[in-house]
Amino acid sequence: MAQTLRRKTRRLRGIGWQPGPRGQERDARGERKDRNGSGIDFFFMHRHMLGTARSLQAIASWPQFPAPQPALERDRLGFLRYFDNHDGFALPPTWSAPDDSEYTQWVSDIKAAETYHSNFQVWESQYRDPRYLSRLTLGQLGSEMELGLHDWLHMRWASVPRDPSNGAPVPFARAPSDFAARWYAPENDFLGDPFSSHVNPVFWHFHGWIDDRIEDWFRAHERFNPGDVRRMQVNGVAWFAPGRWVEVGDPWLGPDTHGCSTTPGLQRGRTMEMDPETMKLALRITFAEDDALSGLFKRVPKRPWYARHLKLKPV
Ligand SMILES: [Cu+2]
């Protein structure tokens, strides 16, 4: 296991896909995720992405998370109107996955109205609360939001994944290292997979909401720790200078961005078309062996990307 991990790390470094400087990689899922500044990478990449998208068209952030479906007995008209889905924010129904009752249960739970009240609304007020925000570094906030709220937003508003070639449901979704041509069809807007989630309009509304919280975080520090956080442009993005509350000064956007360029295809000897190919290779290195193993031994069930880190009771 450790050997496999070392080999993967070596190969990822070889193609420039290690986030952070060599030897000080910032793993977003590992033990040091909340202390290594990986949360800054999460926030920064998304702000950069939103900036590019907003230069092409207007994207409104959700002012708050859309409320669940009204109860029929209390609000009959609201209940019926919910299904008209006039704003596109109605919750898609859950789905079941054969032979994986834990995942089936988890998807169903994450879509429940109770979960809206017990989790989403709690996060909503927590991440707007100046006192709460003022105690966190940018990296801590980013890591906490990434692994909790963010992944849950992706899954709560996801519809059953489908194979775009025939529309048939595929409950476990596309494998992360499967780049077959059919997945590139615009019908594939599955929110549970970073490969396709940005095709779904809901994605932009909730990523706008998350990005807006960075400004809340800045205002909270202005109020409780005045002067501690300084604004600064980084790679053309409105950002913050490294310091006590900002762990790293070189947020990661992908290979070749360390203090250099944010324009794809600028690496010497490589064309722009090579960048997605390198990315595919990075994903194959990360996932292909795991997928092959899970196929062989059925030990690790294949689940959508954003459902891979379910908080499950130990089996
Ligand atoms: Cu996301």
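Conventions we followed
- Residues numbered from 1 in each chain as written.
- Predicted model: local features only at pLDDT ≥ 70, side-chain atom pairs only at ≥ 80, totals over all residues.
- Heavy atoms only, no water.
- Helix = DSSP H or I, 4+ residues; strand = E, 2+ residues; numbered from the N terminus.
- Buried < 20%, exposed > 50% of the residue type's maximum accessible area, 1.4 Å probe, protein only.
- Contact = heavy atoms within 4.5 Å.
- Areas by Shrake-Rupley, 256 points an atom, 1.4 Å probe, with all protein chains shown as cover.
- Core = buried A, V, L, I, M, F, W, Y, C linked by side-chain atoms within 4.5 Å.
- Phe/Tyr/Trp six-rings, centres within 6.5 Å; stacked < 30°, edge-to-face > 60°.
- Expected span 1.5 Å × (residues − 1).
- Bend = angle between axes of the 7 residues up to and from the residue.
- Axes fitted to C-alpha atoms, helices over the stretch in contact; angles between N-to-C directions.
- Parallel < 35°, antiparallel > 145°, perpendicular 65-115°, else oblique.
- Left-handed = near helix turned anticlockwise from the far one by under 90°.
- Nonpolar A, V, L, I, M, F, W, Y, C, P; charged D, E, K, R; others polar.
- Donors = N, O, S within 2.8 Å, 3.2 Å for Na, K, Ca; no water.
- Salt bridge = Lys/Arg side-chain N within 4 Å of Asp/Glu carboxyl O.
- pLDDT = per-residue confidence, 0-100.
- Arc of directions from axis to C-beta.

Quick look at the overall build of the protein
Regarding its fold elements, the protein presents 9 helices and 2 strands. Counting from the amino terminus, the protein carries its helices and strands in the arrangement α-α-α-α-α-α-α-α-β-β-α. Considering the protein as a whole, with its 315 residues, one finds that 45% of them fall into the buried category. For the protein, contacts bridging at least 24 residues in sequence account for 66% of all contacts bridging at least 6. Looking at the protein as shown, the accessible area adds up to about 17200 Å², and 55% of this sits on carbon and sulfur atoms.

Considering the nonpolar core
Of all hydrophobic cores here, the largest spans 59 residues; its most connected members are W217 and W239. The element best represented in this core is helix α8 (residues 201-224), accounting for 10 residues. If sequence neighbours within four positions are ignored, W239 has contacts with I40, F43, F44, R47, L138, I214, R230, R231, M232, Q233, V234 and P251.

Considering the packing of aromatic side chains
Considering all chains together, one arrives at 26 aromatic pairs under this definition. Ring geometry for F120 and W152: centres 6.4 Å apart, planes at 55 degrees, overall tilted. With F120 in helix α5 (residues 113-126) and W152 in helix α7 (residues 138-156), this pair connects stretches of sequence that are 32 residues apart. Overall, F120 belongs to the buried group, its relative accessible area being 0%.

Overview of α7
Helix length check: α7, at 19 residues, gives a terminal C-alpha distance of 25 Å against a target of 27 Å (1.5 Å per residue), a fit within 8%. For α7, the principal kink sits at E146 and spans about 45 degrees. By the criterion of burial, α7 is predominantly enclosed, with 17 of the 19 residues buried.

Overview of the packing of α7 against α8
Remark: α7 packs on α8, axes separated minimally by 12 Å, with the N-to-C direction vectors making an angle of 160 degrees. It follows that α7 is roughly antiparallel to α8 by the angle criterion. Pair α7 / α8 crosses with right-handed handedness. Where α7 abuts α8, its residues L138, L141, M145, L149, H150, L153 and H154 lie against F203, F206, H207, W209, I210, R213, I214 and W217. For the contact of α7 with α8, a count of residues per class yields 11 nonpolar, 3 polar and 1 charged.

Here we look at the coordination of the copper ion
Surrounding the copper ion are the protein donor atoms H150 (NE2), H154 (NE2) and H207 (NE2), which sit 2.0 Å from the metal. Site description for the copper ion: donor spacing in sequence, H-x3-H-x52-H. One end of the pair, H154, is in helix α7; the other, H207, is in helix α8, and 53 residues separate them in sequence. Taking relative accessible area as the criterion, H154 reaches 0% and is therefore assigned buried. Exposure remark for H207: the relative accessible area of 1% places this residue in the buried category.

Quick word on the pattern of salt bridges
Under the criterion given, the structure shown has 16 salt bridges. Ionic pairing is found between D163 and R182, a salt bridge with its closest N-O pair at 3.0 Å. In this pair, D163 is assigned in the loop between α7 and α8 and R182 in the loop between α7 and α8, connecting sequence segments 19 residues apart. Residues participating in the shared-partner salt-bridge network are R47, D211, E215 and R231.

Notes on the confidence of the model for the protein
In the predicted model, the protein carries a mean pLDDT of 87, and the fraction of residues at 70 or more is 87%. Contacts of residues 257-262 to residues separated by more than four positions or lying in other chains number 14 contacts, the stretch itself having pLDDT below 50.

Some thoughts on helix α4 (residues 101-110)
Within α4 the residues assigned to the buried category are Y103, T104, W106, V107 and I110. What you see down the axis of α4 is that its buried residues fit within an arc of 165 degrees, all on one side. Check the buried side of α4 and you find it contacts α5 and α7.

Points about the environment of P68
Relative to the helices and strands, P68 resides in the loop between α2 (38-54) and α3 (76-82). By relative accessible area, P68 is classed as buried at 18%. Through-space distance from the C-alpha of P68 to that of F79 is 9.9 Å; in sequence the pair is 11 residues apart. The residues touching P68, leaving out its near neighbours within four places in the chain, are Y82, A113, Y116, H117 and R156.

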